[in-house]
Amino acid sequence: MKKFNYLIPVFSLLAISCGKSNNDSDKNKSEYTVNNKYEFKDTPSKGFNDRISALVFHYTALDQDKSLETLIKGNVSAHWLIPESGNTVYKLVSEDKRSYHAGISSWKRRSDLNDTSVGIEIVNLGYTCINNPKSDQCPKNEKKWYKYTDDQISMILNLAKDIQNRYKIDPLCVVGHSDIAVGRKVDPGPYFPWQQLANAGVGAWVTEDEIQQQLKLIQNSISDDITTFTLQTRLYEFGYDIRNSNYTDKFIDNELTKKIFPEFSDTDSKIKNWKSIPFDNLVLLNKLNTYSSKNTTDAINIKDIFDINLTMSAIDAFAMHFLPEEFLSNEVADNKKLLATIQALLIKYPNRAKSGCGY
Ligand SMILES: [Zn+2]
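Just so it is clear, the structure is predicted and the values come from calculations on it, not from any experiment.

## Observations concerning the environment of L231
So, point 1. As for its position among the elements, L231 is in helix α8 (residues 228-238).
So, point 2. The exposure class of L231 is buried, given the 22 C-beta atoms found within 10 Å.
So, point 3. Linking L231 and N335, residues 104 residues apart in sequence, is a C-alpha distance of 6.7 Å.
So, point 4. Apart from the residues within four sequence positions on either side, L231 is in contact with I226, N335, L338 and L339.

## Observations concerning unusual backbone geometry
So, point 1. In this model, D187 is joined to P188 through a cis peptide bond whose omega is 10°.
So, point 2. Counting through the fold element by element, P188 comes out in the loop between α5 (177-180) and α6 (194-199).
So, point 3. One non-glycine residue, K108, adopts positive backbone phi at about 50°.
So, point 4. Given 25 C-beta atoms within a 10 Å radius, K108 is considered buried.

## Quick look at the nonpolar core
For soluble globular proteins, the rule of thumb is that nonpolar side chains tend to be buried together.
So, point 1. Counting residues in hydrophobic clusters, the biggest one holds 64 residues, and the most contacted among them are A54, L55 and A314.
So, point 2. Considering every element that reaches this core, the biggest residue donor is helix α13 (residues 308-322), with 8 residues.
So, point 3. Lining this core are residues from two domains, each supplying at least three of them: domain 1 (54-199) and domain 2 (208-348).
So, point 4. Contacts of A54, omitting those with residues within four sequence positions, involve W107, L113, T116, S117, I169, C173, V175 and C357.

## A look at the environment of G356
So, point 1. With respect to the helices and strands, the residue G356 is situated in the segment after α15 (335-348).
So, point 2. Sequence-wise, G356 and G239 are 117 residues apart; in three dimensions their C-alpha atoms are separated by 8.4 Å.
So, point 3. Discounting residues that sit within four places of it in the chain, G356 has contacts with S53, K108, R109 and R110.

## Structural notes on the sheet that holds strand β3 (residues 90-91)
So, point 1. Reading across from one edge, β3-β2-β6-β1-β9 is the order of the 5 strands in this open sheet, with mixed pairing throughout. For this open sheet the edge positions go to β3 and β9 (174-176), each flanked by a neighbour on one side alone.
So, point 2. The pairing of strand β2 (residues 80-82) with strand β6 (residues 117-122) spans 3 bridges and is parallel. Bridge pairing in β6 links I82 to I122.

## Let's talk about the packing of α8 against α15
So, point 1. In the contact formed by α8 and α15, the axes pass within 10 Å of each other and the chain directions differ by 25°. Overall, the two elements α8 and α15 adopt an arrangement that is roughly parallel. Seen from above, α8 lies across α15 with left-handed handedness. Between α8 and α15, the contacting residues are L231, R234 and F238 on the first element and N335, L338, L339 and I342 on the second.
So, point 2. Residue composition of the contact of α8 with α15, by class: 5 nonpolar, 1 polar and 1 charged.

## Quick word on the pairing of strand β1 (residues 54-59)
So, point 1. A large share of β1 lies buried, amounting to 6 of its 6 residues.
So, point 2. Side chains A54, V56 and H58 project from β1 onto one buried face, and the interleaved L55, F57 and Y59 project onto a second face that is buried too.
So, point 3. Bridge count between β1 and β6: 6 bridges; the pairing is parallel. Within the sheet, the bridge partner assigned to V56 lies in β6 and is G119.
So, point 4. Note that β1 and β9 share 3 bridges and pair parallel.

## Brief notes about α15
So, point 1. Here α15 contains 14 residues, and its C-alpha end-to-end distance of 20 Å stays within 8% of the 20 Å for a straight helix at 1.5 Å per residue.
So, point 2. Among all positions of α15, only L338, L339, A340, T341, I342, Q343, A344 and L345 are buried.
So, point 3. Looking at the buried residues of α15, the elements they touch are α7 (208-221), α8 and α13.

Quick notes on the rules
- Think of each chain on its own: its residues are numbered from 1, step by step along the sequence as written.
- Confidence filtering applies because this is a predicted model: local features only for residues at pLDDT of at least 70, side-chain atom pairs given and counted only at 80 or more, and all residues used for totals across whole chains, interfaces and linings.
- Counting from the N terminus, the helices are the DSSP runs of H or I reaching at least four residues and the strands are the DSSP runs of E reaching at least two.
- Burial is judged by counting the other C-beta atoms within 10 Å of a residue's own C-beta: 20 or more makes it buried, 12 or fewer makes it exposed, and any count in between marks it as partly exposed, with every C-beta position built from the backbone.
- Once C-beta atoms are placed from the backbone, any two residues with those atoms within 7 Å are in contact.
- Here a nonpolar core is just a set of buried residues of the types Ala, Val, Leu, Ile, Met, Phe, Trp, Tyr and Cys, joined wherever their C-beta atoms sit within 7 Å.
- For each domain, the first and last residues come from an automatic or database assignment.
- Two strands form a pair only when DSSP identifies at least two bridges running between them.
- Axis lines are fitted through C-alpha atoms, for helices just across the contact stretch, and the angle between N-to-C directions can take any value from 0 to 180 degrees.
- Throughout this description, any angle smaller than 35 degrees is read as roughly parallel, any larger than 145 degrees as roughly antiparallel, any in the 65 to 115 degree range as roughly perpendicular, and the remainder as oblique.
- For any pair of crossing helices, the crossing counts as left-handed if the nearer helix is rotated counterclockwise from the farther one by less than a right angle, and right-handed if it is rotated clockwise.
- Throughout, the ten residues Ala, Val, Leu, Ile, Met, Phe, Trp, Tyr, Cys and Pro are labelled nonpolar, Asp, Glu, Lys and Arg are labelled charged, and all others, Gly among them, are labelled polar.
- Helix span, expected: 1.5 Å multiplied by one less than the number of residues in the helix.

What follows is the structure, given as structure tokens:
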């Protein structure tokens, strides 16, 4: 019987490759034939974890019929779809398969969340632009967001709780599409019930009191304004990918980089291997921060590591998720309050992994 278990995936692989054109790579795959030559011995190892380590929420921005049609027939999908009302949750893709919901994405310095997450789509129209409903470029303060229905919130709570418990997902890895695709996506929007979810034990949330406690500490220890760079550093550490896509080139050519990281330079002063610079390390980011605060002329170059437009989008994404009232009233918190909120979250939910969501 054990052999039989192993045959299933191999046969299904063959079935898939038979259906495709027989180019070279398909031919190679079909050379893996199963016969009675080998036996398989179950030898369990302790070295493994779940492939699923994140939960991502979306809204469809379409009505129910169009949502279903798009998610079933198109090249976008999700594992689950929550309709507008009722108590029927649609299972679109098995959780052990990759569904195409995240697209280009990154969270906690790991990319392509389709590989490691469960995606839940919710039927919700997103927003309309008050003064120009057909505009693609709607100013923030003209967006009228749609609320979620009570039925939906109840279905979201039940489904999310079940998924988080089954995969033991880190609370800070229960995220919105807007968190993992900064500057590209704004779903599930500011009305998503993050607080209710956290009250039910799913995902992360900090109260105004918890934020104020951290704010006091920050105000006591830092007298000046928080620099944008400090905030960027913390947003990046928290999970948002706000790097400037050109930053590596600039970094390699940057004289300043050579001064700060002589250990990564070789004799002709070129950076040996920029990939070996530990960008993920908060200590390193602090080192940059300290340097930039003392050397204001050079600091301008260092700040190029982060993209200012992406930063603004990340602040919106963060506010939509953790400070939705401020977001909705167009009073997104100042740098100190944002920093205090991040700090409160990290204290309440200490990072389990240095990067990514898995252990
Ligand atoms: Zn989405």
